[in-house]
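Per-entry structural report
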Amino acid sequence: MTASIEIAPYRLRPLRLSDGADIHRLVNDWSVVRMLSHLPFPYPRELADRWIGSTIQRQSAGQAWHFGICDDKALIGCIGVSLDAPGRAARIGYWLGRAHWGRGIATLCVTRIVAWAFETLPASQILADVAQDNPASIALLRRLGFSEAGRTTIAFLSRGGEPCPVLTMSLARSGFSSVAARLGTVSAETSADHDPGMTPRPTGPATATAMPAASGAGTVPDGIATKRPASAAPRILLVVAAVLVDRENRVLIARRPPGKPLAGLWEFPGGKVEHNESPEQALIRELHEELGVDLSAGCIAPLTFVSENSGGRHLLMPLFICRRWRHDPVGREGQELAWVSPEALHAYPMPNPDRPLIPLLQELLSG
Ligand SMILES: Nc1nc2c([nH]c(=O)n2[C@H]2C[C@H](O)[C@@H](COP(=O)(O)OP(=O)(O)OP(=O)(O)O)O2)c(=O)[nH]1
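Note that residues are indexed from 1 along each chain, following the sequence as it is written. Totals for whole chains, interfaces and linings use all residues, but because this is a predicted model, local features are given only for residues with pLDDT of at least 70 and pairs of side-chain atoms are given and counted only at 80 or more.

1. Some words on the site of the ligand
Near, as applied to residues and a molecule or strand, means the residue's backbone-placed C-beta atom lies within 6 Å of it. Not every one of the 17 residues close to the ligand is listed here, only the nearest: A3, E267, G270, G271 and P351. By definition, any uninterrupted DSSP run of H or I lasting at least four residues is a helix, any uninterrupted run of E lasting at least two residues is a strand, and each is numbered from the N terminus. Elements with a minimum of two residues in the shell around the ligand: β9 (236-244) and β12 (270-272). A per-element tally of the shell around the ligand places β12 first, with 3 residues. For this scheme, ten residues count as nonpolar: Ala, Val, Leu, Ile, Met, Phe, Trp, Tyr, Cys and Pro. Four count as charged, namely Asp, Glu, Lys and Arg, and the remainder, Gly too, count as polar. The residue makeup of the shell around the ligand, split by class, is 9 nonpolar, 3 polar and 5 charged.

Here it is, written out as structure tokens:
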């Protein structure tokens, strides 16, 4: 499941079926809905539920990722990305309830989701379609490095089907560094934009428009924002993983579920290290979330690490080994699990960075 993303004081989290009433209340507002091409106005309550259902399906299919934007009290908007079929381009869309405009929230969220998309998805560019009469959103995207890639006309359902001129803005993966640099500088307090921030297609809660995310280039561990010069090396994606070894010296691997990048490949259980977490804390959390396993009273020892640059991002993955834990591992996120002898690991397709680990484990655990 896609994790929540903290961008204090806000939180981006996957949408839930129970968000329907909030989404309806926020979107059924002319000043918001007029910038969303595929929503009728008035916006019927049941369309919000249908849209949330469709976003959940699209995420499972690995087509789109939508997040609710939440403050400390409630959901205040949505943001998401959808991938085109070849996985080359991701489209971003977002909207905020009117009461939340003008505080830099859209800038903060779009910046973070662009970073997330480039670190997570395979797209080489991110696109945004913006009504030409939405200057605040156009300005926001320009500030983040987007430039005009084309002009078209889209019939806006919200405006009674009226054809409206739309700008397609794009940001290439190679331009990502300038966005990433802003991650360390943009805050809700310091960035005062007008952010009605809405691009018409992607995030509208009426029809199931997908939100994608891009892939493996610039990489920021979720929640870790650092400043760096635009020309610096790729960002580090800090992931922690464990080799759980049973009494027969078999190791546990998990299959990445549909909807995740690298779906279908087998990996060592683990995940991204979050802000303010040590690798050990992240490992204990991830294995509890993913497998229901309790490592806290066990013994986890550093084994080796992976350091590999691929597709513009740099994966740094401390790998721990563990022989004692509480509770039997179960695939709590629907992922397939397998206990495999080190000699048999070659038969399981794994992400490229894991391949050098196989001979190491064979040497360590066999014979
Ligand atoms: N856990 C794990 N990740 C690996 C391995 N090899 C490898 O390249 N990776 C990469 C795949 C992903 O790009 C990244 C892990 O990120 P992830 O998205 O699965 O992390 P997560 O569990 O926090 O996922 P999510 O909640 O954000 O969806 O590390 C491995 O052996 N184990």
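2. A closer look at the pairing of strand β2 (residues 10-14)
What makes two strands pair is DSSP finding at least two bridges between them. As paired elements, strand β1 (residues 5-7) and β2 share 3 bridges and run antiparallel to each other. Looking across to β2, one finds that I7 is bridged to Y10. Adjacent in sequence and paired antiparallel, β1 and β2 are bridged by 2 residues.

3. Observations concerning the sheet that holds strand β11 (residues 266-267)
The strands making up a sheet are joined through hydrogen bonds of the backbone, oriented either antiparallel or parallel. A sheet is described by the order of its strands in space; here 3 strands give the open sequence β11-β10-β15, paired in antiparallel fashion. Two strands close off the open sheet at either side, each with one partner strand: β11 and β15 (337-340). With 2 bridges joining them, strand β10 (residues 251-255) and β11 adopt antiparallel strand pairing. Bridge pairing in β11 places R255 opposite W266.

4. Some points on the confidence of the model for the chain
Each residue carries a pLDDT score, the predictor's confidence in it, ranging from 0 to 100. Across the chain, the average pLDDT comes to 83, with 83% of residues at 70 or higher. A residue pair is marked as a contact if its C-beta atoms, positioned from the backbone, fall within 7 Å. Note that pLDDT drops below 50 for residues 185-231; the model gives that stretch 220 contacts with residues more than four away or on any other chain. With pTM at 0.53, the complex prediction returns an ipTM value of 0.95.

5. Quick word on the environment of A48
Counting through the fold element by element, A48 comes out in helix α3 (residues 45-60). Here a residue counts as buried when 20 or more other C-beta atoms fall within 10 Å of its C-beta, as exposed when 12 or fewer do, and as partly exposed in between; the C-beta atoms come from the backbone. Overall, A48 belongs to the buried group, with 23 C-beta atoms counted inside 10 Å. Expressed as a C-alpha distance, the spacing of A48 and G20, which sit 28 residues apart in the sequence, is 5.1 Å.

6. Description of the environment of G80
With respect to the helices, strands and loops of the structure, G80 is situated in strand β4 (residues 75-83). Given 30 C-beta atoms within 10 Å, G80 falls into the buried group.

7. Comments concerning the pairing of strand β8 (residues 162-172)
By the bridge criterion, 7 bridges tie strand β6 (residues 125-131) to β8 in an arrangement that is antiparallel. Bridged to A131 within β8 is V166. As judged from the 9 bridges shared by strand β7 (residues 147-156) and β8, these two strands associate in the antiparallel manner. Residue S147 lies in a different strand from β8, and its bridge partner there is S170. Between the end of β7 and the start of β8, which pair antiparallel, lie 5 residues, with G160 showing a positive phi angle near 70°.

8. Side note on the packing of helix α1 (residues 20-27) against α3
Lines fitted to C-alpha atoms define the axes here, with helix axes fitted over just the stretch in contact, and angles between the N-to-C directions of these axes take values from 0 to 180 degrees. Put simply, α1 and α3 touch, their axes get as near as 8 Å, and they point 120° apart. What the angle tells us is that α1 and α3 run oblique. Both α1 and α3 take part in a crossing whose hand is right-handed. Here α1 contributes G20, I23 and H24 to the contact with α3, which in turn contributes R45, A48, D49 and I52. Angle categories are assigned with fixed cut-offs, so that under 35 degrees is roughly parallel, over 145 is roughly antiparallel, 65 to 115 is roughly perpendicular, and the rest are oblique. Each helix crossing is assigned a hand: it is left-handed if the near helix lies turned anticlockwise from the far helix by less than a right angle, otherwise right-handed if that turn is clockwise.

9. Some details on the nonpolar core
To form a nonpolar core, buried Ala, Val, Leu, Ile, Met, Phe, Trp, Tyr and Cys residues must be joined through C-beta atoms within 7 Å. Of all hydrophobic cores here, the largest spans 62 residues; its most connected members are C109, V110, V114 and A117. Element by element, the count of residues in this core is highest for helix α4 (residues 105-120), at 11 residues. If you look at the next biggest cluster of nonpolar residues, it comprises 31 residues, including L237, V240, A282 and L361.

10. Looking at the sheet that holds β1
Spatially, 8 strands are ordered β1-β2-β3-β4-β5-β6-β8-β7 in an open sheet, and the strand pairing comes out mixed. Strand pairing shows two members of the sheet lacking a second neighbour, β1 and β7, which therefore form its edges. Averaged over all adjacent pairs, the angle separating strand axes in this sheet is 25°, with direction ignored. The pairing of β4 with strand β5 (residues 89-96) spans 7 bridges and is antiparallel. The partner of S82 across the bridge, within β5, is R91. Helix-sheet contacts for helix α5 (residues 135-143) involve β6 and β8, and the interaxial angle to β6 is about 160°.

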